[in-house]
Amino acid sequence: MYVEGFISAVPKANKQLYSEHAKKFAEILKEHGATRVVECWQSDVPHGKTTDFFGAVKAKEDEEIIFSWIEYPSKEIRDKADKYMMEAPEMKEMGKNMPFDGSRMIYGGFESILDS
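In this numbering scheme, every chain counts its residues from 1 along its sequence in written order. In keeping with the model being predicted, local features are shown solely for residues with a pLDDT of at least 70 and side-chain atom pairs are shown and tallied solely at 80 or more, while totals for entire chains, interfaces and linings include all residues. Side-chain numbers here rest on the full set of heavy atoms in the structure, without hydrogens or water.

### Brief notes about the layout of surface pockets
Put simply, the rule is: Buried and open spaces are told apart on a 1 Å grid over the protein atoms alone, a cavity being a set of points where a 1.4 Å probe fits but cannot get out and a pocket being an open set with protein on both sides within 12 Å along at least five of seven lines. Residues with an atom within 4 Å of a point are the lining residues. Grid points are joined across faces, edges and corners, and a volume is the space filled by probe spheres set on the points. The nonpolar class holds Ala, Val, Leu, Ile, Met, Phe, Trp, Tyr, Cys and Pro. Asp, Glu, Lys and Arg form the charged class, and all remaining residues, Gly among them, are polar. Where helices and strands are cited, they refer to DSSP runs of H or I of at least four residues and of E of at least two residues respectively, numbered from the N terminus.
Of the voids in this model, the largest pocket is the one considered here, and its volume is about 650 Å³. A class-by-class count of the residues in the lining of the largest pocket yields 19 nonpolar, four polar and three charged. Here the second largest pocket defines a volume of roughly 160 Å³. Broken down by element, the lining of the second largest pocket gets its largest block of residues, four residues, from helix H1 (residues 15-31). Tallied by class, residues from the lining of the second largest pocket come to three nonpolar, two polar and three charged.

Have a look at this one:
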């Protein structure tokens, strides 16, 4: 399994818009090989003394944290899906109407070392 993870800050007022955006995004990802897409909205996220999620994404006062991941059968399938996402016209259109500042998103791909 290969996992791509995301952390970002979304304005509280955009929670519903983000949810709708994420649902459309998940449908496209699944059409291109993702086996699971999970979107989580802040519930119990503490502010740290040295570092925390808020600082990592430069969250503003009116924003909350989202934590998301996408599961793929392999990195190769993820790479094909990512290539499609970067080139697809519908993704470019979705990018014009993002309900959050994607430039502050943290993301990366990870190979699974434990799935218990």
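So that's the structure; there's more coming.
### Things to note about the packing of helix H3 (residues 75-87) against helix H4 (residues 89-96)
What describes two packed helices is the angle between their axes and the distance between those same axes. Going by this rule: Between the N-to-C directions of two axes lies an angle of 0 to 180 degrees, each axis being a line fitted to C-alpha atoms and, for a helix, fitted only over the stretch in contact. Angular relationships are summarised with four words: roughly parallel below 35 degrees, roughly antiparallel beyond 145, roughly perpendicular across 65 to 115, and oblique for the angles in between. Only heavy atoms matter for contacts: two residues are in contact if any of them lie within 4.5 Å across the pair.
In contact at an axis separation of 5 Å, H3 and H4 are set at 65° when each is read in the N-to-C sense. The orientation of H3 with respect to H4, classified from their angle, is roughly perpendicular. Where H3 approaches H4, its residues Tyr84, Met85, Met86 and Glu87 are matched on the opposing element by Pro89, Glu90, Met91 and Lys92.

### Quick notes on the pattern of salt bridges
Test applied: Take a side-chain nitrogen of Lys or Arg and a carboxyl oxygen of Asp or Glu: if they are within 4 Å of each other, that pair is a salt bridge. Each residue gets one of three labels from its accessible area relative to the maximum for its type: buried under 20%, exposed over 50%, partly exposed in between, using a 1.4 Å probe on protein chains only.
If you walk through the whole model with that rule in mind, you get eight salt bridges. Of the charged contacts, one joins Arg78 and Glu4 as a salt bridge, the two residues approaching to 3.1 Å between their closest N and O atoms. With a gap of 74 residues between them, Arg78 in helix H3 and Glu4 in strand E1 (residues 2-11) connect regions that are remote in the sequence. Taken as a pair, Arg78 and Glu4 share a single burial class, namely buried. Here Asp82 makes a salt bridge to Arg78, at a shortest N to O gap of 3.4 Å. Pair noted here: Asp82 and Arg78 are both in helix H3, with a separation of four residues, about one helical turn. According to the relative accessible area criterion, Arg78 is buried, its value standing at 10%.

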